[in-house]
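Structural characterization, general
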Amino acid sequence: MKSEAEPDFPNLPSPRERDLPPGRHLLLKEHLMTEIRQSEPEASRAPESAPRRRKVWLRPALVAGAVAAAVAAGVLVASPFGSEPAQAGPPSKETVKMLEDIADAARRSPAPKNVRDDQFVYIKSKVAFSSDEGLDPLHRREIWMSVDGKHTGLLHEPVNDHDNVRMEPELPLVATDTHYRNLQKLPTDPVNMLDWLRRESSGEKSADQQAFTLVGDLSYESLIPPKQAAALYLAASKIPGVELIEDVVDAEGRHGVAIAREDDGVREELIFDEKTKQFLGEREVLTEDKPFGEKGDLLADTAVLERKVVDKAGERP
């Protein structure tokens, strides 16, 4: 009988989402479908019904490609969704100070020692993502990501039919891959880090929101070296529209403060422990009524419970 540390590896397709959380880019596909519906002639539309929310496991670049294809086909005629708010100003002094403190804590965090290319970053989290029936029940998610991006990882999330799914390497590697070796190459100063975020983020949201989204992607399911993590949060303090929210609760029920940004009726919240300044988790919240949800609805709710380097995919600390 196999132990819990040695799960079976079924011969299943490798998920294209790889290490990006599904709730992160939920709205892109929904917005695309809304634009398509709005651009169709009245006579060709199906009987009116409430659009259903769906999980999206697509990388931003893939979603952007779908949008580009729709534009080329003459489907999208409305203005681009996720446009930048006209009054998005610089973050407040309180927000900048909190991000400086978060960056300082990240800089002082011990870096893992003697990490080998054939090892894996293990992250255990508690998550709930929006689906057809609304927000999924909170459940455990575990992922093993190759340190160098060249070894087969593993995703364990039975609730979403991802029970020990192999994650084959996607080669060639790209600049936004979140494997540890790639993150070691990122800038260690906030100006160049912000340039990198703007250059490498993609999708159909505003440029500032896409940069902020990438900050969240790197914070959630990756292991960022201390100097790069510090630069990341200092770069976030320079993104217009970023704000500080007091007393936010993550999926584990832990209270913290959130560094947040709102775009097109959705607020992305990165939650940190108020005392230690460690990253706890993230949420996505509707700030206005949408065809796929009401103001106040959660679209994603997560909490990181453990983050370690292990020797093989499937091994638990």
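Look a little higher up for the structure.
Read on for a plain summary of the structure. What you see is a predicted model; the values in this text were computed from it and never measured. (Residues numbered from 1 in each chain as written. Predicted model: local features only at pLDDT ≥ 70, side-chain atom pairs only at ≥ 80, totals over all residues. Heavy atoms only, no water.)

**Describing the overall build of the protein**
For the protein, the count of helices and strands is seven helices and 10 strands. Scored against the burial criterion, the 317 residues of the protein give a buried share of 51%. Looking at the protein alone, contacts between residues at least 24 apart form 65% of all its contacts between residues at least 6 apart. Split by element, the accessible area of the protein, about 14700 Å² in all, is 51% carbon and sulfur. (Helix = DSSP H or I, 4+ residues; strand = E, 2+ residues; numbered from the N terminus. Buried < 20%, exposed > 50% of the residue type's maximum accessible area, 1.4 Å probe, protein only. Contact = heavy atoms within 4.5 Å. Areas by Shrake-Rupley, 256 points an atom, 1.4 Å probe, with all protein chains shown as cover.)

**Topic: the nonpolar core**
By size, the foremost hydrophobic cluster in this structure holds 47 residues, and its most contacted members are Met193, Leu197, Leu218, Leu232, Tyr233 and Ile259. The element that contributes the greatest number of residues to this core is helix α7 (residues 226–236), accounting for eight residues. Not counting chain neighbours up to four residues away, the residues in contact with Ile259 comprise Thr95, Met98, Leu99, Ile102, Phe212, Val242, Glu243, Leu244, Glu268, Glu269, Leu270 and Phe272. (Core = buried A, V, L, I, M, F, W, Y, C linked by side-chain atoms within 4.5 Å.)

**So, unusual backbone geometry**
Across the chain, the bulk of peptide bonds are trans and the bulk of non-glycine residues have phi less than zero. Cis geometry is found at the peptide bond from Leu171 to Pro172, where omega equals 0°. Along the polypeptide, Pro172 turns up in the loop between β5 (162–167) and α4 (180–183). Even without being glycine, Asn114 reaches a positive phi, approximately 55°. Within the secondary structure layout, Asn114 lies in the loop between α3 (93–108) and β1 (120–131). Residue Asp247 is not a glycine yet carries a positive backbone phi of 50°. With respect to the secondary-structure elements, Asp247 resides in strand β6 (residues 243–249). Residue classification places Asp247 among the exposed positions, given a relative accessible area of 52%.

**Observations regarding the packing of aromatic side chains**
For the coordinates displayed, the defined rule picks out three aromatic pairs. On the basis of an interplanar angle of 75° and a centroid distance of 5.5 Å, the ring pair of Phe272 and Phe279 is categorised as edge-to-face. Phe272 sits in the buried class, given a relative accessible area of 1%. Judged by relative accessible area, which is 13%, Phe279 ranks as buried. Put simply, the rings of Tyr233, Phe272 and Phe279 touch in pairs and so form one group of aromatic residues. (Phe/Tyr/Trp six-rings, centres within 6.5 Å; stacked < 30°, edge-to-face > 60°.)

**Considering the packing of helix α5 (residues 190–200) against helix α6 (residues 207–220)**
Two numbers describe how α5 lies on α6: the axes approach to 8 Å, and their chain directions differ by 105°. Considering the angle they form, α5 stands roughly perpendicular to α6. Contacts from Trp196, Leu197, Arg198 and Glu200 in α5 reach Ala207, Asp208, Ala211, Leu214, Val215 and Leu218 in α6. (Axes fitted to C-alpha atoms, helices over the stretch in contact; angles between N-to-C directions. Parallel < 35°, antiparallel > 145°, perpendicular 65-115°, else oblique.)

**Considering the environment of Glu168**
Looking at where Glu168 falls in the secondary structure, it is placed in the loop between β5 and α4. Of the residues examined, Glu168 reaches a relative accessible area of 35% and is grouped as partly exposed. Sequence separation between Glu168 and Thr152 is 16 residues; the distance between their C-alpha atoms is 4.6 Å.

**A closer look at the pattern of salt bridges**
Any two side chains of opposite charge can pair, on the condition that their charged atoms come close. On inspection of all chains with the given rule, the structure shows 22 salt bridges. One salt bridge in this structure joins Asp118 and Arg116, with 2.9 Å as the shortest N-O distance. Residue Asp118 is classed as partly exposed on the basis of its relative accessible area of 37%. It is possible to trace a salt-bridge network through shared partners that takes in Arg198, Asp208, Arg261 and Asp263. (Salt bridge = Lys/Arg side-chain N within 4 Å of Asp/Glu carboxyl O.)

**Some thoughts on the environment of Arg140**
Relative to the assigned elements, Arg140 resides in strand β3 (residues 139–146). Between the alpha carbons of Arg140 and Lys124 there is a distance of 7.1 Å; along the sequence they are 16 residues apart. A distance of 3.3 Å separates polar atoms of two side chains, one belonging to Arg140 and the other to Glu142. (Polar contact = N/O pair within 3.5 Å; in protein donor to acceptor, adjacent residues only side chain to side chain.)

**A closer look at α3**
For α3, spanning 16 residues, the distance from its first C-alpha to its last is 23 Å, which sits close to the expected 22 Å at 1.5 Å a residue. Those residues of α3 lying buried are Thr95, Met98, Leu99, Ile102, Ala103, Ala105 and Ala106. Viewed end-on, α3 has its buried residues packed into an arc of 160°, placing them on one side of the element. Across α3 from its buried face, at more than 90 degrees, point the exposed residues Lys93, Glu94 and Arg108. (Expected span 1.5 Å × (residues − 1). Arc of directions from axis to C-beta.)

Functional significance is not addressed by these values, which are geometric in nature.
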